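Summary of structural features
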Amino acid sequence: MQSIYIGLFFIAIGILVRFFPGLIAGYNQLSSREKDNALTNGLHKFMSTVFSIMGALAILAHFVAEWTDMPSLKNIAILVTLIGVVVMVVFSQIFTKER
């Protein structure tokens, strides 16, 4: 059940980030030009998508764990979180540059 709660939390964060890009860590530290580039290039949409995928994978892992009777799969939310954070940190730099 914990994986479902984590998944719903990630999906909620994804929805909030889409409408309030100021929630993105480090967004307020960007210069006004970088903020404009980030919004124009779709940083908030990218972060929202990644958070939503992370949430969906965490929820899916719970149901796959129940279906296959492998309770160790329920801990995949930790792995999903780590991979999602790495993806966001590495690829978010692309969105602040001028295209």
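Here's a quick rundown of the structure. (Residues numbered from 1 in each chain as written. Predicted model: local features only at pLDDT ≥ 70, side-chain atom pairs only at ≥ 80, totals over all residues. Heavy atoms only, no water.)

**Looking at the overall build of the chain**
The helix and strand inventory of the chain stands at 4 helices and 0 strands. Listing the helices and strands of the chain from first to last along the sequence gives α-α-α-α. Along the first, second and third principal axes, the C-alpha set of the chain runs to 50 × 20 × 20 Å. Residues counted as buried form 34% of the 99 residues belonging to the chain. If you take every contact in the chain between residues at least 6 apart in sequence, the share linking residues at least 24 apart comes to 75%. Accessible surface, the chain as shown: approximately 6,400 Å² in total, 70% of it carbon and sulfur. Of the charged side chains in the chain, 7 are positive and 5 negative, and the gap between their average positions amounts to 7 Å. (Helix = DSSP H or I, 4+ residues; strand = E, 2+ residues; numbered from the N terminus. Buried < 20%, exposed > 50% of the residue type's maximum accessible area, 1.4 Å probe, protein only. Contact = heavy atoms within 4.5 Å. Areas by Shrake-Rupley, 256 points an atom, 1.4 Å probe, with all protein chains shown as cover. Lys, Arg positive; Asp, Glu negative; His and termini not counted. Charge placed at Lys NZ, Arg CZ, Asp CG, Glu CD.)

**Comments concerning unusual backbone geometry**
Look at D69: it is not a glycine, yet its phi comes out positive at around 60°. Within the secondary structure layout, D69 lies in the loop between α3 (43-68) and α4 (76-96). For D69, a relative accessible area of 66% translates into the label exposed.

**Describing the layout of surface pockets**
In this structure, the largest pocket spans a volume of roughly 300 Å³. As for the largest pocket, its lining consists of 17 residues, and the residues nearest its centre are I24, A25, G26, M47 and S92. The dominant element in the lining of the largest pocket, judged by the number of residues it contributes, is α4, at 6 residues. When grouped by side-chain class, the residues that make up the lining of the largest pocket number 13 nonpolar, 4 polar and no charged. (1 Å grid on protein atoms, 1.4 Å probe; cavity = no way out; pocket = protein on both sides within 12 Å on 5 of 7 lines; lining within 4 Å. Points joined across faces, edges and corners; volume = space filled by probe spheres on them. Nonpolar A, V, L, I, M, F, W, Y, C, P; charged D, E, K, R; others polar.)

**Considerations on the nonpolar core**
Nonpolar side chains in soluble globular proteins tend to end up buried together. Ranked by size, the top nonpolar core spans 14 residues in total, and within it I24, L43, M47, F51, M54 and M88 carry the most contacts. Among the secondary structure elements, those contributing two or more residues to this core are α1 (2-19), α3 and α4. Considering each element in turn, this core owes the most residues, 6 residues, to α3. In this structure, F51 is in contact with F10, I11, I13, G14, V17 and M88, ignoring residues within four places of it in sequence. (Core = buried A, V, L, I, M, F, W, Y, C linked by side-chain atoms within 4.5 Å.)

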